[in-house]
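Tertiary structure, described
Now for the letters of each chain:
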Amino acid sequence: MNELLELLTSAAFWGAVLRIATPLILGTLGVLLCERAGVLNLGIEGIMVAGAFAGWLAVFQGASLWGGVAVAALTGAVFGLLHGLLTVKLALSQHVSGLGITLLATSLASYAYRVSFPKVERPPTVQTFQPMEALPIPVLDTQTPMTLLALVLVPVVGWVLMRTPLGLAVRMVGENPAAAEGQGLSVTGLRLGAICAG
């Protein structure tokens with residue numbers, strides 16, 4: 001029991017928890033935007049895999065780390081737009097489209113990796129973000145800027161959704177599209193925007 005208590009009070013343990021949770025936080029925020037706009041996005045896992053691969057490849061080819069993050073976000077937005085076009089514009093099943101996007105994006109990332117590196121025993125590595133040791137907070141001083149960005153985005157996304165006219169419009173489109181259309185809002189545009197942002 002003492003070992004468990006030591007583990008749970010260890011700064012290294014909570015640092016590892018935050019580091020591992022970073023992609024989950026970002027993915028959850030993306031799904032939250034989609035859900036609030038009234039679209040089920042089961043393709044988020046594949047979109048994240050394709051974005052991560054595209055960002056990693058961009059950094060491997062010489063882009064900066066933030067350039068790689070931008071490439072990953074752009075790749076995610078493109079797959080999100082594809083999902084939005086299939087579900088919002090063509091009114092296809094959100095379940096089938098999401099699972100199809102997951103299979104497509106994951107397969108494309110795997111294929112692109114095999115084509116880019118046909119004969120490797122170990123995957124090539126890139127220089128990653130360095131921990132922000134200058135921060136005076138014990139657990140956060142071992143984290144990278146991406147973790148800090150994820151933590152900052154949680155209240156920002158919550159504030160945008162609950163306290164701004166844009167957030168109200170997104171929630172209205174998700175909860176009552178007919179009322180949103182009656183107010184002159186573009187249901188299709190808002191849903192596509194939320195999916196791409198997610």
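None of the values given here were measured: they were computed from a predicted structure. Sequence positions are assigned chain by chain, starting from 1 and proceeding in written order. Whole-chain, interface and lining totals are the exception, using all residues; otherwise, since this is a predicted model, local features are given only for residues with pLDDT of at least 70 and side-chain atom pairs are given and counted only at 80 or more. Only hydrogens and water are removed before side-chain values are computed, so all heavy atoms of the structure are retained for them.

With that out of the way, let us pick up the overall build of the chain. Working definition: helices are DSSP H or I runs of at least four residues, strands are E runs of at least two. Numbering for both runs from the N terminus. If you tally the helices and strands in the chain, you get nine helices and zero strands. Going residue by residue from the N terminus, the α and β elements of the chain occur as α-α-α-α-α-α-α-α-α. The buried label applies to any residue whose accessible area, calculated with a 1.4 Å probe on protein chains only, is under 20% of its type's maximum; exposed applies above 50%, and partly exposed to all values in between. Considering the chain as a whole, with its 198 residues, one finds that 32% of them fall into the buried category. Long-range pairs, those at least 24 residues apart, make up 62% of the contacts in the chain between residues at least 6 apart in sequence. Just so you have it, the chain exposes about 11900 Å², and 69% of that area is on carbon and sulfur atoms. Contact definition: two residues touch when any of their heavy atoms are within 4.5 Å. Only the protein chains shown count as cover for residues, and all accessible areas are computed by the Shrake-Rupley method using a 1.4 Å probe.

Once that is clear, we can look at a nonpolar patch on the surface. Side chains of Leu4, Leu8, Trp14 and Val17 sit close together on the surface and give an oily, nonpolar patch of about 340 Å² of accessible area. Assessed through its relative accessible area of 39%, Leu8 is described here as partly exposed. Residues forming no salt bridge and having over 30% relative accessible area are the ones grouped into patches, like charges within 9 Å of each other and nonpolar side chains (Val, Leu, Ile, Met, Phe, Trp, Tyr) within 5 Å. Salt bridges are identified by distance alone: a Lys or Arg side-chain nitrogen within 4 Å of an Asp or Glu carboxyl oxygen.

What follows covers the packing of helix 2 (residues 11-36) against helix 6 (residues 145-163). To define axes, lines are fitted to C-alpha atoms, for helices over the stretch in contact only, and angles between the resulting N-to-C directions are given on a 0 to 180 degree scale. Close contact between helix 2 and helix 6 brings their axes to 9 Å; oriented N to C, the two are set at 20°. Considering their axes alone, helix 2 and helix 6 lie roughly parallel with respect to each other. Relative to helix 6, helix 2 is oriented so that their crossing is left-handed. Along the contact surface, helix 2 presents Leu18, Arg19, Thr22, Ile25, Leu26, Leu29, Leu32, Leu33 and Arg36, while helix 6 presents Met146, Thr147, Ala150, Leu151, Leu153, Val154, Val157, Leu161 and Met162. Residues belonging to the contact of helix 2 with helix 6 are distributed by class as follows: 14 nonpolar, two polar and two charged. Oblique is the label for every angle not falling under 35 degrees (roughly parallel), over 145 degrees (roughly antiparallel), or within 65 to 115 degrees (roughly perpendicular). Crossing handedness is read from the near helix: turned anticlockwise from the far helix by less than a right angle, it gives a left-handed crossing, and turned clockwise, a right-handed one. In this classification, Asp, Glu, Lys and Arg are treated as charged, Ala, Val, Leu, Ile, Met, Phe, Trp, Tyr, Cys and Pro as nonpolar, and every other residue, Gly included, as polar.

Moving on: the side chain of Thr75. Its location among the elements puts Thr75 in helix 4 (residues 65-89). Those residues in contact with Thr75, other than ones at most four positions away along the chain, are Ala50, Gly51 and Ala54.

It is worth spelling out the side chain of Thr87 at this point. Note on placement: Thr87 falls in helix 4. A relative accessible area of 8% means that Thr87 is categorised as buried. Contacts described as polar in this section are N or O atom pairs within 3.5 Å, which, within protein, must combine one atom able to donate a hydrogen with one able to accept it, while residues neighboring in sequence count only if both atoms come from side chains. Among the polar contacts made by the side chain of Thr87, one reaches the main-chain carbonyl oxygen of His83 at a distance of 2.8 Å. In this view, Thr87 contacts Val39, Leu92, Ser93, Gln94, Ser97 and Ile195; residues no more than four positions away in its chain are not counted.

The terminal C-alpha atoms of helix 5 (residues 94-116), which comprises 23 residues, lie 32 Å apart, in line with the 33 Å expected from a rise of 1.5 Å per residue. Every buried residue belonging to helix 5 is among Ser97, Gly98, Ile101, Thr102, Ala105, Ala109 and Tyr113, and all of these are buried. Along its buried surface, helix 5 packs onto helix 3 (44-60) and helix 4. Taking the backbone nitrogen of His95 as reference, a side-chain oxygen 3.4 Å away marks Ser93 as the first, capping residue of helix 5. To estimate how far a helix should reach, multiply one less than its number of residues by 1.5 Å.

Once that is clear, we can look at unusual backbone geometry. Residue Ala91 is not a glycine yet carries a positive backbone phi of 55°. Structurally, Ala91 is set in the loop between helix 4 and helix 5. Of the residues examined, Ala91 reaches a relative accessible area of 61% and is grouped as exposed.

Running from amino to carboxyl end, helix 7 (residues 165-175) crosses helix 9 (residues 187-197) at an angle of 110°, the nearest separation of the two axes being 10 Å. Taken together, the axes of helix 7 and helix 9 are roughly perpendicular relative to one another. Here helix 7 contributes Leu166, Ala169, Val170, Val173 and Gly174 to the contact with helix 9, which in turn contributes Val187, Leu190 and Arg191. Class assignment for the residues of the contact of helix 7 with helix 9 results in six nonpolar, one polar and one charged.

On to the packing of aromatic side chains, then. Two rings belonging to Phe, Tyr or Trp (six-membered ring only in the last case) form a pair when the distance between their centres is within 6.5 Å. Interplanar angles under 30 degrees mark stacking, angles over 60 mark edge-to-face geometry, and anything in between is tilted. A full pass over the atoms with the stated rule returns seven aromatic pairs. Between Phe60 and Phe117, the aromatic rings sit 5.1 Å apart at their centres with planes inclined by 75°, giving edge-to-face as the arrangement. Separated by 57 residues along the polypeptide, Phe60 in helix 3 and Phe117 in the loop between helix 5 and helix 6 bring together distant segments of the chain. Residue Phe117 is classed as buried on the basis of its relative accessible area of 11%. These aromatic residues form a ring-pair network of at least three members: Phe53, Trp56, Phe60, Tyr113 and Phe117.

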